[in-house]
Amino acid sequence: MIQNPEFADLQLALADNYQDTGNLSEGIQYLEQAHKIYQALQDFNYFVCFERWGRVYEVQGDLNKALQHYETFYKHMYELHHQFPEHQLYMHNLAIACQGLGVIYRNTGNIPKAKRYFTEYHQLMQTLTSQDTDNNRFKANLATSFQYLAGIAYIRGQILEAIDAYTQYYQIKKELSEKQPQNTKHKYGMATANGKLGEIYLNQLDYPQALVHLEAYNSLMLELCNQEKASPAFQHSLAVSHQLLGTLHEENREIPILISHYEMYLQIMSKLSQTYPLNLDYKRSLGIAYSKLGTVYFKSLNYREALYYYSLDLEIMNELTSIEPDNVQWHNGLAINHAQIATVFYEINDLDSSQTNLEEAQRIWQKLTENSPENAQFQARLEQVNADMKELKSSQNV
């Protein structure tokens, strides 16, 4: 094997490219080669490879291994940063380690630890951008830190904080996009911010504001997909924009419009899931597409079709929780699905089946709230399912 840093850098770049395009198996081969060369050369990027391995395991759904690699990366970067506190390379990579750890702890429901690492990530990026105000990479990472803090605030029910942080995320990405219009990642950040703000306003029942942000999200994603037709990430976000617009029009009872958005969502996600079967986020989005169509049929009183689509979602959620048992969002999705199926059975007067599914949803949300007491969304869902169970038992006693 050729053992020089330039060749190793090439292998690492190829690994990143394959991972970005969803081809994990090819990416892993190049990452393994780069890691071995860097180790032999005692090159700094030997440490960076731990972060890349963390990403690989995260995408594959092995959150324990991802956590181990991110912790190893954090340990090395923490030691180097405290030994050389003014060295920007070490400070920046420590920030990246914090980002990785924050994501894993968020996905496993440990909100206090997630907030701790995202806050550290944010503080480090604030320091770096103040030291080097013209460094666009640092600004991009500062924007991302606002994005993660916004997500944590939203999970904890701190809506105004979430809106403020997503707005700052948008503003930085907009500034960077104007400076570097050829860099699609900045426009993608603007789109993502609009999507998150639209989702928040939708959940707050502020439909006019939701429509403004969700239409901007959809419009930006259409532009990006036309620029980079091969990007699965852009296709996925375009699909999500259709899903959110469909939900908005569902609330407004605009049936033909919502069906067209949900069908487009299902079409894109079916294709992505077939092309990238190892990508768990794509599987989840396909499940959501089935769930959304199930809800449309449920509201149309077509309970047979509703149960069919909810059952397709259930299959996916059972698969996801078996692949990635530590991911609280998968368990939350599974509980939502059981609650939906329970509602269908209730409407067709199969109260025993309704109770079975409600009890499963109740069990999952009880466990989620015990393990993640700061999650306001889990708490609200548990309260709702408890109320539904009470109503069901009253019906059984009639």
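Our subject is the structure that appears above.
What counts, and where the lines are drawn
- Residues numbered from 1 in each chain as written.
- Predicted model: local features only at pLDDT ≥ 70, side-chain atom pairs only at ≥ 80, totals over all residues.
- Heavy atoms only, no water.
- Helix = DSSP H or I, 4+ residues; strand = E, 2+ residues; numbered from the N terminus.
- Rg over C-alpha atoms; globule rule 2.2 N^0.38 Å.
- Buried < 20%, exposed > 50% of the residue type's maximum accessible area, 1.4 Å probe, protein only.
- Contact = heavy atoms within 4.5 Å.
- Areas by Shrake-Rupley, 256 points an atom, 1.4 Å probe, with all protein chains shown as cover.
- Lys, Arg positive; Asp, Glu negative; His and termini not counted.
- Charge placed at Lys NZ, Arg CZ, Asp CG, Glu CD.
- Expected span 1.5 Å × (residues − 1).
- Phe/Tyr/Trp six-rings, centres within 6.5 Å; stacked < 30°, edge-to-face > 60°.
- Polar contact = N/O pair within 3.5 Å; in protein donor to acceptor, adjacent residues only side chain to side chain.
- Axes fitted to C-alpha atoms, helices over the stretch in contact; angles between N-to-C directions.
- Parallel < 35°, antiparallel > 145°, perpendicular 65-115°, else oblique.
- Left-handed = near helix turned anticlockwise from the far one by under 90°.

### Description of the overall build of the protein chain
The helix and strand tally for the protein chain stands at 17 helices and 0 strands. Over its C-alpha trace the protein chain gives a radius of gyration of 22 Å, about what one expects of a compact globule, namely 21 Å for 398 residues. Reported as C-alpha extents along the three principal axes, the dimensions of the protein chain are approximately 75 × 40 × 40 Å. Taken across its 398 residues, the protein chain has 52% of its residues classed as buried. Once local pairs closer than 6 in sequence are excluded, the contacts in the protein chain between residues at least 24 apart make up 59%. Of the roughly 19,000 Å² that the protein chain leaves accessible, carbon and sulfur atoms contribute 49%. A gap of 1 Å separates the mean positions of the 31 positive and 46 negative side-chain charges of the protein chain.

### Quick word on helix α8 (residues 159-179)
Over its 21 residues, α8 extends 31 Å from the first C-alpha to the last, a length consistent with the 30 Å expected when each residue adds 1.5 Å. Turning to α8, its buried residues are I159, A162, I163, A165, Y166, Y169, I172, K173, L176 and S177. Those residues of α8 that are buried lie in contact with α7 (136-155) and α9 (184-203).

### Structural notes on the packing of aromatic side chains
Using the criterion set out here, one finds 12 aromatic pairs in the structure. Between Y74 and Y78, the ring centres sit 5.9 Å apart and the planes meet at 25 degrees, which makes this aromatic pair stacked. Of the two residues, Y74 and Y78 both sit in helix α4 (residues 63-83), 4 residues apart, roughly one turn of that helix. The exposure class of Y74 is buried, given its relative accessible area of 12%. Three or more aromatic residues joined by ring pairs form one cluster here, namely Y74, Y78, Y105 and Y117.

### Here we look at the environment of G189
Its location among the elements puts G189 in helix α9. On a C-alpha basis, the gap between G189 and E71 in space is 27 Å, while along the polypeptide they are 118 residues apart. In this structure G189 touches Y169 and K173, once residues within four positions along its chain are discounted.

### Quick look at helix α15 (residues 328-347)
Taking 1.5 Å of rise per residue, 20 residues should cover 28 Å, and α15 covers 29 Å from first to last C-alpha, within 8% of that figure. By the criterion of burial, α15 is predominantly enclosed, with 15 of the 20 residues buried. For α15, the capping residue at the N-terminal end is N327, with a side-chain oxygen 2.9 Å from the backbone nitrogen of Q329. Two residues or fewer after α15 comes N349, characterised by a positive phi angle close to 70 degrees.

### Some points on the packing of helix α14 (residues 303-323) against α15
Interhelical geometry of α14 versus α15 gives an angle of 155 degrees and a closest axis separation of 9 Å. In terms of orientation, α14 lies roughly antiparallel with respect to α15. The handedness of the crossing between α14 and α15 comes out as left-handed. Between α14 and α15, the residues in contact are Y303, A306, L307, Y310, D313, L314, M317, N318, L320 and T321 and W330, H331, G333, L334, N337, H338, Q340, I341, V344, F345 and E347, respectively.

On their own, these measurements won't tell you what the molecule is for.
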